[in-house]
Amino acid sequence: MEQHHHPSAPSSEPRPPGAALAQRPLSRRTVLRAGALATAAVGLAGAVPGAFGGARPAAAAALPRLSRDAATAAEHVPAYPASWTVRPFNLTEVSLGESVFTRAQQQMVDLARAYPVDRVLVVFRRNANLDVKGASAPGGWEELGPAPDEQRWGPAEYVRGQNTRGAGGLLRGHYGGHFLSMLAMAYATTGDQAILDKVDDFVDGLEECRAALAATGRYSHPGFLAAYGEWQFSALEAYAPYGEIWAPWYTCHKILAGLIDAYRYTGSALALQLAEGLGRWTHARLSACTPEQLERMWGIYIGGEAGGMNDALVDLYTLSTAADRDDFLAAAALFDLRSLVTACAQDRDTLNGKHANMHIPTFVGYAKLGAWTGDATYSAATRNFFGMIVPGRMYAHGGTGEGEMWGPANTVAGDIGPRNAESCAAYNMLKVARTLFFEQQDAAYMDYYERTVLNHILGGKRDQASTTSPQNLYMFPVGPGARKEYGNGNIGTCCGGTGLESPVKYQDSIWFRSADDSALWVNLYIASELRWTSRGMRIVQEGDYPNDETVTLRIAEGAGELDLRLRVPAWATSFVVAVNGATVASTSAGTATPGTYVSVDRTWSTGDQVTITLALPLRAEATIDRPDIQSLQRGPVVLSALSSSTKYLQLSLYDRMGLDGSLSRGVDVDEQGYVTIGTQRFEPAFSGQDVAYHMYVQRSEKRITFAGVDSGAANPTRPDGTSFLDEVWSAAPFADRQELLERVQTTSAAWVAERLMSARDRQKVLVAVARAPFTRPAVTR
């Protein structure tokens with residue numbers, strides 16, 4: 001077994017508090033906020049050792065709140081590894097315009113404003129034996145459970161099997177961590193002072209609880225913070241199974257991530273100190289474990305689920321200025337499940353039978369560890385892991401897993417069951433794709449990102465306002481006649497927690513920049529505004545994509561040389577880029593290739609306009625293991641047939657094909673993106689409606705027809721299941737009718753020669769295709 005050690009990290013210089021303001025235009029409000037942050041930095045510099053095991057302010061038990069201004073939200077940007085040639089923008093630098101994402105973001109912001117912080121703090125205050133201020137816990141898994149007072153045990157007090165009350169309530173605190181992240185990101189998104197005040201109330205409440213826990217003397221480190229005693233962690237180290245414990249490190253990750261987000265997006269120095277305290281406690285606890293012990297722990301089903309602790313600890317390392325910050329990076333490596341990392345690095349697929357979301361978030365941390373330590377094993381493992389999921393275990397909407405578990409490799413149709421695609425798994429796969437892209441700009445990562453954030457994540461947010469619930473689904477099943485698992489909106493569940501966060505950060509991957517600020521990557525065609533502070537540029541993206549085929553980018557402010565890199569989706573049959581009305585790249589000219597980025601490198605001026613016209617073909621996508629089980633997609637949008645039948649709908653589609661290979665005959669699309677094919681209505685998966693649907697249909701092509709002309713001949717198949725029409729249309733798009741006729745002639749001749757088709761049927765087919773009215777009809781809108 002490989003020994004764990006302190007990874008050697010490249011030197012870095014994290015920005016001090018307030019550094020993000022340096023590139024903002026100065027105003028009186030900006031200066032006031034910078035002054036407040038500088039004051040906090042002085043307070044940190046003059047701190048003395050104290051309850052956190054590190055620095056604490058000399059004159060106070062808790063840091064005073066910073067004097068912030070909602071109009072000048074500053075994001076505390078972490079240091080980045082040198083290998084990240086592409087980097088994200090601050091969340092505060094990008095805002096959404098009007099798009100299909102707008103409703104979900106506004107609904108979540110409204111929840112952030114309305115939901116009482118005291119309710120989320122209940123589980124922490126009860127555990128710390130503090131007044132809960134008359135509030136009740138959120139519910140669901142964020143509950144007190146059957147024995148909250150009994151379960152304050154310290155690590156030395158607990159003996160294996162002592163908890164006889166089951167796992168109910170033992171995940172408490174996880175939802176609160178997500179809620180803090182949501183509040184922090186909602187503030188970065190809106191600049192709303194009322195939301196900022198709630199962040200401060202929450203962090204102050206957590207510090208009060210931490211101090212009360214430390215004062216008991218029951219726990220191993222003063223940085224320990226949880227909504228239950230430390231006993232779950234010692235029980236796990238003794239290999240307690242799920243049921244006696246739940247997933248203590250999973251909950252710790254959510255709390256740690258929430259504190260990091262509170263610092264990153266609001267500048268809360270107290271949140272950073274709480275995070276550092278948790279980091280020190282984590283390092284102290286796990287560094288005492290043997291490598292063999294850690295390996296066994298992280299392999300325990302659910303009980304050993306650690307969420308993204310390694311990811312959060314790397315982030316803490318990049319944000320902290322503490323003298324012992326290297327310990328955070330070392331602690332991140334202590335979460336390695338070395339058997340899985342090694343297998344993935346060697347491209348050995350061992351995922352069958354594993355719990356999907358138990359492992360996905362760890363690969364975000366592995367990718368970051370690889371970038372910071374230079375250990376190529378981590379990086380190779382993460383890239384290969386992504387390839388094991390996409391496309392071989394990926395459903396049409398980007399989700400993965402059946403009943404939360406992975407099935408065999410390259411099995412999609414064969415793994416469609418009653419409960420597919422846990423929402424958390426999609427949330428974390430987006431993080432994996434995003435992190436991989438920073439180091440290796442493969443457009444496939446962003447093709448996946450677009451598919452999943454649009455269909456699974458947005459579609460998972462019910463289109464319903466609520467001041468009590470995230471209204472997010474748990475499972476997003478894909479079987480015939482399925483319904484989304486909205487329930488009560490999943491208050492308190494893991495997917496309810498990630499569902500709190502997703503809508504307030506939809507803008508985080510629309511635009512990326514190169515490390516030297518010379519290039520701008522446009523990954524997602526979502527209406528938005530980029531305020532690129534370091535370049536002094538403001539760029540606006542407009543359009544009703546994915547319902548409309550035209551996207552416009554406008555240089556609203558600023559000028560200078562810039563390499564603009566535009567993603568050409570892999571599904572794009574036609575992609576045209578024009579600058580100020582003049583075409584500069586297109587798929588037809590061979591200067592824009594699907595599945596890549598097209599570069600437009602020039603000197604830009606204020607007022608310059610880029611128009612992107614990308615066709616939104618209606619097409620069928622077969623599952624990897626059953627060619628007859630297919631999803632229908634229009635551009636990036638997955639379409640679900642509206643039907644409560646529990647059997648696959650039989651659908652014939654070749655008769656509706658146009659020369660370009662898209663489905664066009666007898667197809668109607670309305671302004672909301674709903675599609676009608678014949679009499680069957682389809683909804684976009686992103687709609688957020690609660691209806692019965694079919695994400696997949698069964699392709700049934702019994703007769704050979706072309707554009708409404710029936711040949712009268714049956715559609716024969718080869719032994720491998722490939723039909724005559726499959727082979728004809730695999731050559732699409734066709735430049736004109738003549739090219740299609742020639743394809744039918746040569747294919748039918750080959751099938752007659754192989755005795756798969758009679759000469760008489762071949763003649764019928766040739767007459768039918770010659771009579772077919774192919775005129776490249778446009779889809780009706």
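Residues numbered from 1 in each chain as written. Predicted model: local features only at pLDDT ≥ 70, side-chain atom pairs only at ≥ 80, totals over all residues. Heavy atoms only, no water.

Caption draft 1: Expanded view of the overall build of the protein. For the protein, the count of helices and strands is 20 helices and 25 strands. In the protein, which comprises 781 residues, the proportion classed as buried is 61%. Considering only intrachain contacts with a sequence separation of at least 6, the fraction spanning at least 24 residues in the protein is 71%. (Helix = DSSP H or I, 4+ residues; strand = E, 2+ residues; numbered from the N terminus. Buried < 20%, exposed > 50% of the residue type's maximum accessible area, 1.4 Å probe, protein only. Contact = heavy atoms within 4.5 Å.)

Caption draft 2: Just the environment of Leu663, in detail. Locating Leu663 in the fold gives a position in the loop between strand E18 (650–651) and strand E19 (667–669). For Leu663 and Leu632, which are 31 residues apart along the polypeptide, the C-alpha to C-alpha distance reads 9.7 Å.

Caption draft 3: Here's a closer look at the environment of Pro418. Relative to the assigned elements, Pro418 resides in the loop between helix H14 (376–389) and helix H15 (423–439). Pro418 gets classed as exposed once you look at its relative accessible area, which sits at 71%. C-alpha separation for the pair Pro418 and Met475, spaced 57 residues apart in sequence, amounts to 9.7 Å. Residues in contact with Pro418, not counting those within four places in the same chain, are Glu402 and Pro477.

Caption draft 4: Molecular detail of the sheet that holds strand E10 (residues 560–568). Across the sheet, five strands lie side by side as E3-E5-E6-E10-E13; this open sheet has mixed pairing. Only two strands of the sheet have a single partner each, and these edge strands are strand E3 (86–88) and strand E13 (596–604). Within the sheet, the average angular offset between the axes of one strand and its neighbour, ignoring direction, is 30°. Here E10 pairs with E13 via nine bridges, running antiparallel. When the sheet's bridge partners are listed, Val568 is paired in E13 with Thr596. Lying over the sheet, H15 contacts E3, strand E5 (511–514), strand E6 (519–522) and E13, oriented at roughly 140° with respect to E3. (Pairing = 2+ DSSP bridges. Axes fitted to C-alpha atoms, helices over the stretch in contact; angles between N-to-C directions.)

Caption draft 5: Structural detail: the pattern of salt bridges. Scanning the entire structure with this criterion turns up 40 salt bridges. One salt bridge in this structure joins Asp149 and Arg152, with 2.8 Å as the shortest N-O distance. Residues joined in a network through salt bridges with shared partners are Asp261, Arg264, Asp311, Asp315 and Lys368. (Salt bridge = Lys/Arg side-chain N within 4 Å of Asp/Glu carboxyl O.)

Caption draft 6: Quick peek at the layout of surface pockets. Here the second largest pocket is characterised by a volume of approximately 460 Å³. Contributing to the lining of the second largest pocket are 24 residues, with Pro391, Met394, Arg451, Glu621 and Gln633 lying nearest its centre. Among the secondary structure elements, those contributing two or more residues to the lining of the second largest pocket are helix H16 (443–457), strand E15 (618–622) and strand E16 (629–634). Broken down by element, the residue count for the lining of the second largest pocket peaks at five residues, all from H16. When grouped by side-chain class, the residues that make up the lining of the second largest pocket number 15 nonpolar, four polar and five charged. (1 Å grid on protein atoms, 1.4 Å probe; cavity = no way out; pocket = protein on both sides within 12 Å on 5 of 7 lines; lining within 4 Å. Points joined across faces, edges and corners; volume = space filled by probe spheres on them. Nonpolar A, V, L, I, M, F, W, Y, C, P; charged D, E, K, R; others polar.)

Caption draft 7: Looking closely at the side chain of His397. Relative to the helices and strands, His397 resides in the loop between H14 and H15. Residue classification places His397 among the buried positions, given a relative accessible area of 0%. Of note is the side chain of His397, whose polar atom sits 2.9 Å from the backbone oxygen of Phe476. (Polar contact = N/O pair within 3.5 Å; in protein donor to acceptor, adjacent residues only side chain to side chain.)

Caption draft 8: Spatial organisation of the nonpolar core. Within the largest apolar cluster, 229 residues are counted, with the highest numbers of intra-cluster contacts made by Trp249, Leu566, Phe575 and Phe706. Residue contributions to this core peak at 11 residues, all from H15. (Core = buried A, V, L, I, M, F, W, Y, C linked by side-chain atoms within 4.5 Å.)

Caption draft 9: Up close: empty space enclosed by the protein. A complete count under the given rule lists 11 cavities of 30 Å³ or more for this structure. Of the voids in this model, the largest cavity is the one considered here, and its volume is about 830 Å³. Lining of the largest cavity is provided by 46 residues; of these, Arg264, Tyr265, Asp315, Lys368 and Arg434 occupy positions nearest its centre. Looking at side-chain class alone, the lining of the largest cavity contains 25 nonpolar, nine polar and 12 charged residues. What the second largest cavity holds in volume is close to 80 Å³. Ser99, Val100, Phe101, Glu450, Val453, Leu454, Leu524, Tyr525, Ile526, Tyr545 and Pro546 together form the lining of the second largest cavity. Of the residues belonging to the lining of the second largest cavity, the class tally is nine nonpolar, one polar and one charged.

Caption draft 10: Representation of the packing of aromatic side chains. This model, assessed by the stated rule, comprises 38 aromatic pairs. Aromatic pair Tyr228 and Phe233: ring centres 6.3 Å apart, planes at 35°, arrangement tilted. With respect to burial, Tyr228 and Phe233 carry one shared label: buried. For the pair Tyr317 and Trp372, a centre-to-centre distance of 5.5 Å together with 85° between the ring planes defines the contact as edge-to-face. (Phe/Tyr/Trp six-rings, centres within 6.5 Å; stacked < 30°, edge-to-face > 60°.)

Caption draft 11: Spatial organisation of helix H13 (residues 356–373). Helix length check: H13, at 18 residues, gives a terminal C-alpha distance of 26 Å against a target of 26 Å (1.5 Å per residue), a fit within 8%. Of all 18 residues that make up H13, 17 are buried, and the element is covered over most of its length. One or two positions beyond H13, positive phi appears at Gly374, with a value near 80°. (Expected span 1.5 Å × (residues − 1).)

Caption draft 12: Region of interest: a negative patch on the surface. A cluster of acidic side chains, namely Glu98, Asp544, Asp548, Glu549 and Glu671, defines a negative patch on the protein surface. Within the fold, Glu98 resides in the loop between strand E4 (94–96) and helix H2 (102–114). (Patch = residues over 30% accessible without salt bridge, like charges linked within 9 Å, V, L, I, M, F, W, Y side chains within 5 Å. Areas by Shrake-Rupley, 256 points an atom, 1.4 Å probe, with all protein chains shown as cover. Lys, Arg positive; Asp, Glu negative; His and termini not counted. Charge placed at Lys NZ, Arg CZ, Asp CG, Glu CD.)

Caption draft 13: Focus on unusual backbone geometry. Of note, the amide linkage connecting Val390 to Pro391 takes the cis form, showing an omega dihedral of 5°. If you trace the backbone, Pro391 turns up in the loop between H14 and H15. Put simply, Ala732 and Pro733 share a cis peptide bond, and its omega is 5°. In this model, Asn490 sits at a positive phi of 65°, which is unusual for a non-glycine residue.

Caption draft 14: Examining helix H10 (residues 309–319) more closely. Buried residues dominate H10, accounting for 11 of its 11 residues. Buried residues of H10: Met309, Asn310, Asp311, Ala312, Leu313, Val314, Asp315, Leu316, Tyr317, Thr318 and Leu319, and no others.

Caption draft 15: Region of the structure containing the side chain of Thr189. Mapped onto the elements of the fold, Thr189 is located in helix H4 (residues 174–190). Assessed through its relative accessible area of 19%, Thr189 is described here as buried. Excluding anything up to four places from it in sequence, Thr189 contacts Leu91, Gln105, Val504 and Gln507.

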